[in-house]
Amino acid sequence: MPTGQNSRIPSTLDRRRRSRREVMVAIAAVFILLIAYFLLPFTRIGDIRTAILLTVEAVATCAIFVWQIRAVLRADRPLARALAAAVAIFGCYIIGYATVYFTLSAGDPVGFSAPLTKIDALYFCVTVFATVGFGDIVATSQAARVVVLVQMIGNLILIGLALRLLTASADVRRAELRADEPTRLADQE
């Protein structure tokens, strides 16, 4: 049995399986975050605590982003890893802001046009993220408007910078893998 082409088939299949598994793990992680968002008992917070929560959310998202970029730069299938990274980053970002909106609304029920449930907060966050802005929920207090403004600026940064860095990292890693391909083929023979 020749070792050249046949020995690469399991390796390619294994890499595809790992790629699918990485994406599924990222989706599962976001799903677990979503479950935690709905099950954890959040309490109302004041303006200073809202700022602290926003800062923690921003730091966590940045840490996850850096970790994901590093993972893309080491991945066997960098495009799949970049997709998994995008799912994880965007999921953390959206759930983080939904948490801020919910706790802000609980602390100041007139901060929005209606008190927000967890579903309402998630819905509002996604409409702001998607720049849809239906207008059925509106930030009415200065604190709520500041948080929405910070999210809108963060959206532009996240969409522009994060996607660009993820794709650039995947391109760099793909170039490295292509450059190493002759060496790997020679080792397999």
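Since the structure is predicted, the reported quantities are computational estimates derived from the model, not experimental observations.

Rules of the game
- Residues numbered from 1 in each chain as written.
- Predicted model: local features only at pLDDT ≥ 70, side-chain atom pairs only at ≥ 80, totals over all residues.
- Heavy atoms only, no water.
- Helix = DSSP H or I, 4+ residues; strand = E, 2+ residues; numbered from the N terminus.
- Expected span 1.5 Å × (residues − 1).
- Buried < 20%, exposed > 50% of the residue type's maximum accessible area, 1.4 Å probe, protein only.
- Phe/Tyr/Trp six-rings, centres within 6.5 Å; stacked < 30°, edge-to-face > 60°.
- Lys NZ or Arg CZ within 6 Å of the ring centre and 35° of its normal.
- Contact = heavy atoms within 4.5 Å.
- Core = buried A, V, L, I, M, F, W, Y, C linked by side-chain atoms within 4.5 Å.
- Axes fitted to C-alpha atoms, helices over the stretch in contact; angles between N-to-C directions.
- Parallel < 35°, antiparallel > 145°, perpendicular 65-115°, else oblique.
- Left-handed = near helix turned anticlockwise from the far one by under 90°.
- Nonpolar A, V, L, I, M, F, W, Y, C, P; charged D, E, K, R; others polar.
- Patch = residues over 30% accessible without salt bridge, like charges linked within 9 Å, V, L, I, M, F, W, Y side chains within 5 Å.
- Areas by Shrake-Rupley, 256 points an atom, 1.4 Å probe, with all protein chains shown as cover.
- Salt bridge = Lys/Arg side-chain N within 4 Å of Asp/Glu carboxyl O.

Asker: Account for helix 3 (residues 78–107), with residues named and values stated.
Answerer: Across its 30 residues, helix 3 extends 43 Å between first and last C-alpha, which sits within 8% of the 44 Å expected from 1.5 Å per residue. Within helix 3, 25 of the 30 residues are buried, leaving the element largely enclosed by the surrounding structure.

Asker: Just give me the short version of the packing of aromatic side chains, but keep the residues and values in it.
Answerer: All told, the structure shown has 9 aromatic pairs when counted by the stated rule. Following the ring pairs from residue to residue traces out a cluster consisting of Phe 90, Tyr 93, Tyr 97, Tyr 101, Phe 112, Phe 124 and Phe 129. A cation over an aromatic ring shows up here: Lys 118 above the ring of Tyr 37, its NZ or CZ 6.0 Å from the ring centre. Above the plane of the ring of Phe 102 lies Lys 118, whose end atom (NZ or CZ) is 5.5 Å from the centre.

Asker: Can you lay out the environment of Val 72 for me, pointing to particular residues and giving the numbers?
Answerer: With respect to the helices and strands, the residue Val 72 is situated in helix 2 (residues 47–74). Residue classification places Val 72 among the buried residues on the basis of a relative accessible area of 0%. As a C-alpha pair, Val 72 and Ala 170 span 98 residues in sequence and 6.0 Å in three-dimensional space. Look past the residues within four positions of Val 72 in its chain and what remains in contact with it is Pro 78, Arg 81, Ala 82, Ala 85, Leu 166, Ser 169, Ala 170 and Arg 173.

Asker: Just give me the short version of the nonpolar core, but keep the residues and values in it.
Answerer: Buried together is how nonpolar side chains tend to be arranged in soluble globular proteins. In this structure, Tyr 101, Phe 112 and Leu 166 are the most contacted members of the largest nonpolar core, which totals 37 residues. Elements with a minimum of two residues in this core: helix 1 (4–39), helix 2, helix 3, helix 4 (118–129) and helix 5 (142–188). Per-element tally for this core: the top contributor is helix 3, with 14 residues. Excluding its chain neighbours within four sequence positions, the residues that come into contact with Phe 112 are Tyr 101, Leu 104, Ser 105, Phe 124, Ile 137, Val 138, Ala 139, Thr 140 and Ala 144.

Asker: Hey, could you go over the packing of helix 3 against helix 4 for me, with residue numbers and the actual values?
Answerer: Axis separation between helix 3 and helix 4 bottoms out at 8 Å; the angle between their running directions is 125°. Taken together, helix 3 and helix 4 sit at an angle that is classed as oblique. By crossing handedness, the relation of helix 3 to helix 4 is classed as right-handed. Between helix 3 and helix 4, the contacting residues are Phe 90, Tyr 93, Ile 94, Tyr 97, Ala 98, Tyr 101 and Phe 102 on the first element and Lys 118, Ala 121, Leu 122, Phe 124, Cys 125, Val 126 and Phe 129 on the second. Of the residues in the contact of helix 3 with helix 4, the class split is 13 nonpolar, no polar and 1 charged.

Asker: Just give me the short version of unusual backbone geometry, but keep the residues and values in it.
Answerer: You will see that Thr 131, though not glycine, has its phi angle at about 55°, which is positive. Its location among the elements puts Thr 131 in the loop between helix 4 and helix 5.

Asker: Quick one: what's the story with a nonpolar patch on the surface, residue by residue and with numbers?
Answerer: On the surface, a cluster of nonpolar side chains totalling about 540 Å² of accessible area is made up of Leu 149, Met 152, Ile 153, Ile 157, Leu 161 and Leu 165. Mapping Leu 149 onto the fold places it in helix 5. By relative accessible area, which is 47% here, Leu 149 ends up partly exposed.

These figures come from the coordinates and say nothing about function on their own.
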